[in-house]
Amino acid sequence: MSSFSSRAPSHSVDMAHPPAGEKTLAELSPDAVAHCAEFVDVGDIFSLSMTCKSLRSALYSDYIWSRLYKERWPNHQVTCGASDMRQVYLDRLIAVQQMKFEDPKSVVLVSDTSMNIHNHVVMDRSNIWASQGSDVGWYKLNSSSEMTAGSERLKSHGARITNMRLIPISDTFLSRNETKSTKNVLITSSADRTIRLWWKGKSQRCFKGHNGPVTALADKIVGSDESKFLTSGGEDCTVRVWSLGSNHKNNNHAVATFHGHQKPLSFLSVAWHKPSLLISISKDSKLRVWDTASSNSSPCVGSTSILGMPPVRIKCHDTNCYIATRSFINSIDLRTMQKNFSVPVKNSEIFSFEILPSNWMICTGLADKALLWDIRKLHQNSAPIAELESNGKVTLLHMDLHKIVTAGPDDNFINIFEPATGNLVNRLDCCVKDGNTNGVISMAVDKSRIVTAGFPSGELLFKDFIDCSKPVNLRENEAGLSKFWDLETQN
């Protein structure tokens, strides 16, 4: 535990036994701890409060959490006489992240309904990128209460954009000039056979090598701190590895090409337990595992066939890979390549797939609802634990600790559910006034913020719930849009 003194130490200090006259943080008075708390963020306060009883008692004080509340929501008044300000802060934080309000700040980024649809949307802080054909619209939001937006068009690709990803700038050659930046760079792939890396509105690098459209980008960077790589899959049935460093002679060309698939690539994912492992799956549901750090002539270290075709999405967590196809939910142990489970989804196709491993949850989007599954029970039981209803196909899913968001092209409302109960907490209208939006073709969600792209129109709408004040009041018939079964009663 850190020690505090009146002067900066000139040498290393034994934190358990500070020098005479100095105190550890846990030995400070509550007033002194409250003063120290003014110089750290709320995440550090949460972490410190879990270290020992004395710090927890000091850091749970109403004084600290009243200050934090006013700093985060200066325009929102706390109920007179409220006690346990830490809980008041947490309740408010969860409510805004669950979007339980009817008065979000909104920005219509694109209102021209004659424009092409936005097939892909990603969001990073105050930046939103949305692809339209071969172009990317870059929309910048300021921090003022008016939430006005500026925009630019990024034009370098010669054909339809197929994927967009955000990766930390620290993982790229740009980190030399942006040493303290925590921002992300944009990666786009295209049917023009190229991949581009964007920063500050310009294409900084163009990766060339695929012999057909690029159909897949990995969900994150593969490799260790010393060697980090971007990976892609294509219609040419190859997986290619690209250097993001500056010390390679052929920075624009693949440093490795993996052969073995017989059909175009659908998805790529990086293993959690070993970041050098890349998992690829092709349209025929053939899955392969590649060790990008291997010096062997054949980097493929595992392969298997997955039940059902075609694949809908793959996600890795811990030592497992979870794969959804049109009719099955599958899980493979990447250490042994043995099947953990294969669960059929009856009477409907799967259109979308998401996992929340910390809560042991899987969600699948179907033709008229989403199904919630308990990962722990899928080995012996193929029954979902909840049904989350929709007015059309659920082709878009988002899951985090506080909410499940479902959307699709046939439903002009976005449904938001509580993960723990399956209760519907809000329905967001994705239509711009006087627009002709029938539903949502793509979306991005980040805590209290959401951006949606309309279908079949070209509308793009942003909402932020962080400063809301009017709680939503769902009608009784809307509040019952889910069926949830107690986990303990599932057999």
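For clarity, every value in this text was computed on a predicted model and none was experimentally measured.

Section: the packing of helix H4 (residues 62-72) against helix H5 (residues 85-97)
Across the interface, H4 lies against H5 with an axial gap of 8 Å and an inter-helix angle of 30°. With respect to H5, the element H4 is oriented roughly parallel. Touching Asp62, Trp65, Ser66, Leu68, Tyr69 and Arg72 of H4 are Met85, Arg86, Val88, Tyr89, Arg92 and Leu93, all from H5. Along the lines of polarity and charge, the residues of the contact of H4 with H5 split into seven nonpolar, one polar and four charged.

With respect to the nonpolar core
One finds Ile64, Ile414, Met443 and Ile450 to be the most contacted residues of the largest nonpolar core, which totals 36 residues. Among the secondary structure elements, those contributing two or more residues to this core are helix H1 (30-37), helix H3 (53-59), H4, H5, strand E30 (404-408), strand E31 (411-417), strand E32 (424-429) and strand E33 (439-446). Per-element tally for this core: the top contributor is H5, with five residues. Look past the residues within four positions of Met443 in its chain and what remains in contact with it is Val121, Leu396, Leu397, His398, Val405, Ala407, Ile450, Val451 and Thr452.

Things to note about the packing of aromatic side chains
Tallying each qualifying case throughout the model produces eight aromatic pairs. Between Trp129 and Trp138 the ring centres are 6.3 Å apart and the planes differ by 10°, which places this aromatic pair in the stacked class. Residue Trp129 is classed as buried on the basis of its relative accessible area of 7%. Taken together, the aromatic side chains of Phe46, Trp65, Tyr69, Trp73 and Tyr89 make up a single cluster linked through ring pairs. Sitting above the plane of the Trp138 ring, Lys140 keeps its charged end 4.4 Å from the centroid.

Considerations on the confidence of the model for the protein chain
In this model, the protein chain carries a mean pLDDT of 87, and residues with pLDDT of at least 70 account for 88%. Within the model, the stretch residues 1-13 combines pLDDT values under 50 with 22 contacts to residues more than four positions away or in other chains.

Examining the pairing of strand E4 (residues 120-124)
Extensive coverage of E4 is indicated by the burial of four of its five residues. Pairing analysis gives five bridges linking E4 to strand E5 (residues 127-132), with the strands arranged antiparallel. Across the sheet, the residue bridging to His120 is Ser131, located in E5. With antiparallel pairing between neighbouring strands as the criterion, E4 and E5 make up a hairpin whose turn holds two residues, including Arg125 at a positive phi of roughly 55°.

Some points on the pairing of strand E11 (residues 202-208)
Bridging between strand E10 (residues 194-199) and E11 involves six bridges; their strand directions are antiparallel. Looking at E11, one finds that Ile195 is bridged to Phe207. Remark: two residues form the turn of the hairpin made by E10 and E11, two consecutive strands paired antiparallel; Lys200 in that turn has positive phi of roughly 55°.

Observations concerning the side chain of Asp333
Inspection of the secondary structure assignment puts Asp333 in strand E23 (residues 328-333). Reaching out from Asp333, the side chain makes a polar contact with the side chain of Arg335 at a distance of 2.9 Å. When sequence neighbours within four positions are dropped, the list of residues in contact with Asp333 reads Thr319, Asn320, Gln338 and Asn340.

Structural notes on the sheet that holds E10
Overall, antiparallel pairing links the four strands, which are arranged E8-E9-E10-E11 in an open sheet. Single-partner strands in this sheet number two, and they are strand E8 (161-168) and E11. If you compare each strand with its neighbour and ignore which way they point, the axes differ by 20° on average.

Regarding the pattern of salt bridges
Under the criterion given, the structure shown has 16 salt bridges. Of the charged contacts, one joins Asp291 and Lys274 as a salt bridge, the two residues approaching to 3.6 Å between their closest N and O atoms. In this pair, Asp291 is assigned in strand E19 (residues 286-291) and Lys274 in the loop between strand E17 (265-270) and strand E18 (277-282), connecting sequence segments 17 residues apart. Given the relative accessible area of 37%, Lys274 is considered partly exposed. In this structure, Asp400 and Lys403 form a salt bridge, with 2.7 Å as the shortest nitrogen-oxygen distance. Exposure class is identical for Asp400 and Lys403. Each is buried. The network of salt bridges with common partners includes Arg313, Lys315 and Glu354.

With respect to the environment of Asn252
Mapped onto the secondary structure, Asn252 falls in the loop between strand E15 (239-243) and strand E16 (256-258). Separated by 56 residues in sequence, Asn252 and Arg196 place their C-alpha atoms 9.7 Å apart. Contact partners of Asn252, with chain neighbours within four places excluded, come to Arg205, Cys206, Phe207, Lys208 and Trp242.

Considering the packing of helix H2 (residues 42-49) against H4
Remark: H2 packs on H4, axes separated minimally by 12 Å, with the N-to-C direction vectors making an angle of 155°. With respect to H4, the axis of H2 lies roughly antiparallel. Read as a crossing pair, H2 and H4 show a hand that is left-handed. Residue-level contacts link Val42, Ile45 and Phe46 of H2 to Ile64, Trp65, Arg67 and Leu68 of H4. When the residues that make up the contact of H2 with H4 are grouped by side-chain class, the tally is six nonpolar, no polar and one charged.

Here is what the cut-offs are and how they apply
- Residues numbered from 1 in each chain as written.
- Predicted model: local features only at pLDDT ≥ 70, side-chain atom pairs only at ≥ 80, totals over all residues.
- Heavy atoms only, no water.
- Axes fitted to C-alpha atoms, helices over the stretch in contact; angles between N-to-C directions.
- Helix = DSSP H or I, 4+ residues; strand = E, 2+ residues; numbered from the N terminus.
- Parallel < 35°, antiparallel > 145°, perpendicular 65-115°, else oblique.
- Contact = heavy atoms within 4.5 Å.
- Nonpolar A, V, L, I, M, F, W, Y, C, P; charged D, E, K, R; others polar.
- Core = buried A, V, L, I, M, F, W, Y, C linked by side-chain atoms within 4.5 Å.
- Buried < 20%, exposed > 50% of the residue type's maximum accessible area, 1.4 Å probe, protein only.
- Phe/Tyr/Trp six-rings, centres within 6.5 Å; stacked < 30°, edge-to-face > 60°.
- Lys NZ or Arg CZ within 6 Å of the ring centre and 35° of its normal.
- pLDDT = per-residue confidence, 0-100.
- Pairing = 2+ DSSP bridges.
- Polar contact = N/O pair within 3.5 Å; in protein donor to acceptor, adjacent residues only side chain to side chain.
- Salt bridge = Lys/Arg side-chain N within 4 Å of Asp/Glu carboxyl O.
- Left-handed = near helix turned anticlockwise from the far one by under 90°.

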